[in-house]
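Overview (structure and organization)
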Amino acid sequence: MFAVYAAEPSPDDPLAALRVGDRPAPDVPDGWVVVNVRAASLNMHDLWTLRGVGIKPEQFPMILGCDGAGVLDDGTEVVIHSVIASPDWTGDETLDPRRTLLTELHQGTFAAQVAVPARNVLPKPAGLSFAEAACMGTAWLTAYRMLFVKSGLRPGQTMLVQGASGGVSTALIELGRAAGMRVWVTGRTEEKRALAASLGAHATFDSGARLPERVEAVFETVGKATWAHSMRALKPGGIIVVSGSTSGPDPSADLQRLFFLQLRVVGSTMGTRDELADLLRFCDVSGLRPAIGAELPMESPETGFKHMLEGATAGKIVFSRGEAT
Ligand SMILES: NC(=O)c1ccc[n+]([C@@H]2O[C@H](COP(=O)([O-])OP(=O)(O)OC[C@H]3O[C@@H](n4cnc5c(N)ncnc54)[C@H](OP(=O)(O)O)[C@@H]3O)[C@@H](O)[C@H]2O)c1
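Residues numbered from 1 in each chain as written. Predicted model: local features only at pLDDT ≥ 70, side-chain atom pairs only at ≥ 80, totals over all residues. Heavy atoms only, no water.

Looking at the overall build of the protein
When helices and strands are counted, the protein shows nine helices and 18 strands. For the protein, the C-alpha radius of gyration of 19 Å lies close to 20 Å, the compact-globule estimate for 325 residues. On the principal axes, the C-alpha backbone points of the protein span a range of 55 × 45 × 40 Å. Classification of the 325 residues of the protein by burial places 53% in the buried group. Considering only intrachain contacts with a sequence separation of at least 6, the fraction spanning at least 24 residues in the protein is 70%. Accessible area of the protein: about 13700 Å², with a carbon and sulfur share of 52%. Separation between the mean location of the 30 positive side-chain charges and that of the 36 negative ones in the protein comes to 8 Å. (Helix = DSSP H or I, 4+ residues; strand = E, 2+ residues; numbered from the N terminus. Rg over C-alpha atoms; globule rule 2.2 N^0.38 Å. Buried < 20%, exposed > 50% of the residue type's maximum accessible area, 1.4 Å probe, protein only. Contact = heavy atoms within 4.5 Å. Areas by Shrake-Rupley, 256 points an atom, 1.4 Å probe, with all protein chains shown as cover. Lys, Arg positive; Asp, Glu negative; His and termini not counted. Charge placed at Lys NZ, Arg CZ, Asp CG, Glu CD.)

Quick look at the structure:
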């Protein structure tokens, strides 16, 4: 079947391992379903996979794509929850030590079909297009959990989002604005800051800029490049919620500031099936829709990967198939 896949780990030149071609149709164990993919979105995780990060060498070739939306054989339109827990796991799937994300052990969504456990598909709200629904399962779910499950932020409080134009960042901006937070955003260029403002940011700043006042919560996916600024940005008792470190880890955690100001640093990864259901309902009833910077045919994904590698994002990059959206 048609698929976009990583041929082998390629740490220094991830795009060199990208292939568009034929891969075997998925095996479908008992209790799993086949989703005929209509749209899937690109995440930084796909670039990590091409680099060989977070995946064992023997798992290659691996079909890319951590999230998606499509149609079951019976015609049901679905959104994929890509956290695959162990069969006997109950409770928060993100806490299962043996959980995997699609593309780490099981083949991903950049393909004609993908197989997932039956509990990993949720009904797609009719008001969301396949392209919009395809943004929900990874970047938007991660942002939803960071903001509503981990941060403890209340409407009216101030959140700082590090990075303006990425998938998780744009989701945080939109969700925070819709929930009544005061949303501040840093972005690396004027264009990216303008995008954040257009999505609802109340104020935008150059990366590392001095803020008018300290904030209750910082949302981090950038890591080393912004970490010191994030620590300085917090009010006493404030919280940093971290779900990524795109620019690398920062070994100097500024421990003195951490204990003296009684700051909290909290990790967050993906989200549960129930949180995805709540996110879908939130978008459905509020009319909130993901910012899609580029929608490309899945058959020609190279430009999308190149743009993400170069940091040239303006919201989510979506790959659609056929009559998809
Ligand atoms: N833990 C999880 O479950 C989870 C889930 C999703 C993502 N993640 C992680 O979160 C990160 C972002 O993922 P994504 O899919 O949203 O990626 P993306 O769409 O490519 O976004 C990258 C973001 O990082 C910012 N950025 C990158 N390098 C920077 C630097 N040197 N200085 C300042 N800002 C920088 C960009 O800011 P500008 O807009 O200013 O360019 C942009 O907002 C990745 O590391 C990914 O692995 C983790």
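A short note on the pattern of salt bridges
Between side chains of opposite charge, a pair can form as their charged atoms come close. Under the definition given, this model contains 15 salt bridges. Residue Arg145 pairs with Glu275 through a salt bridge whose shortest N-O separation is 2.9 Å. In this pair, Arg145 sits in helix 3 (residues 136–150) while Glu275 sits in helix 8 (residues 273–286), placing the two residues 130 residues apart along the sequence. Per residue, the accessibility class of Arg145 equals that of Glu275, and both read buried. Two residues, Glu216 and Lys235, come together in a salt bridge whose shortest N-O distance is 2.8 Å. With Glu216 in strand 14 (residues 215–220) and Lys235 in strand 15 (residues 234–242), this pair connects stretches of sequence that are 19 residues apart. (Salt bridge = Lys/Arg side-chain N within 4 Å of Asp/Glu carboxyl O.)

Focus on the sheet that holds strand 1 (residues 2–6)
What the three strands build is an open sheet, ordered 2-1-4; its pairing is antiparallel. Two strands bound the open sheet, and with one partner strand each, they are strand 2 (18–22) and strand 4 (62–63). (Pairing = 2+ DSSP bridges.)

What to know about the environment of Ala118
Following the sequence through the fold, Ala118 ends up in the loop between strand 9 (113–117) and strand 10 (121–123). When the C-alpha positions of Ala118 and Gly31 are compared, they lie 5.9 Å apart, and in sequence the two are 87 residues distant.

Here we look at the environment of Pro236
For Pro236, the position within the fold is in strand 15. Separated by 53 residues in sequence, Pro236 and Val183 place their C-alpha atoms 19 Å apart. Apart from the residues lying within four places of it in its own chain, the contact partners of Pro236 are Leu261 and Leu263.

Details of the site of the ligand
In the vicinity of the ligand, 25 residues are found, and the nearest of them are Ser165, Gly167, Ser243, Thr246 and Met270. At a separation of 2.8 Å, an oxygen atom of the ligand approaches a polar side-chain atom of Trp48. Contact between the ligand and Thr269: a nitrogen atom at 3.5 Å from a side-chain N or O atom of the residue. In isolation the ligand exposes 920 Å². Once the protein is present, 88% of that is buried. (Near = heavy atom within 4 Å. Polar contact = N/O pair within 3.5 Å; in protein donor to acceptor, adjacent residues only side chain to side chain.)

Some points on the sheet that holds strand 13 (residues 203–206)
The pairing of strands in a sheet happens through backbone hydrogen bonds and is either parallel or antiparallel. Within the open sheet, the six strands sit side by side as 13-12-11-14-15-16. Their pairing is parallel. Sheet topology places strand 13 and strand 16 (264–267) at the edges, where each strand pairs with a single neighbour. Within this sheet the neighbouring strands show an average axis-to-axis angle of 20°, counted without direction. Two strands pair when backbone bridges link them, and strand 11 (residues 158–162) and strand 12 (residues 182–187) are joined in this way by five bridges, in the parallel orientation. When the bridges of strand 12 are listed, Leu160 appears paired with Trp184. Sheet strands touched by helix 3: strand 11, strand 14, strand 15 and strand 16. Its angle to strand 15, the strand with the most contacts, is close to 145°. (Axes fitted to C-alpha atoms, helices over the stretch in contact; angles between N-to-C directions.)

Points about the side chain of Ser230
Mapped onto the secondary structure, Ser230 falls in helix 6 (residues 224–233). In this structure Ser230 touches Gln162, Val218, Glu220 and Ile240, once residues within four positions along its chain are discounted.

Concerning unusual backbone geometry
Working note: non-glycine residues mostly have negative phi, and peptide bonds are mostly trans. Put simply, Phe60 and Pro61 share a cis peptide bond, and its omega is -5°. Take Pro61: it is sitting in the loop between helix 1 (44–51) and strand 4. Positioned with a positive phi, Gln262 is a non-glycine residue whose angle comes to about 50°. Within the secondary structure layout, Gln262 lies in the loop between helix 7 (255–260) and strand 16. With a relative accessible area of 61%, Gln262 lands in the exposed category. Look at Met270: it is not a glycine, yet its phi comes out positive at around 45°. Its location among the elements puts Met270 in the loop between strand 16 and helix 8.

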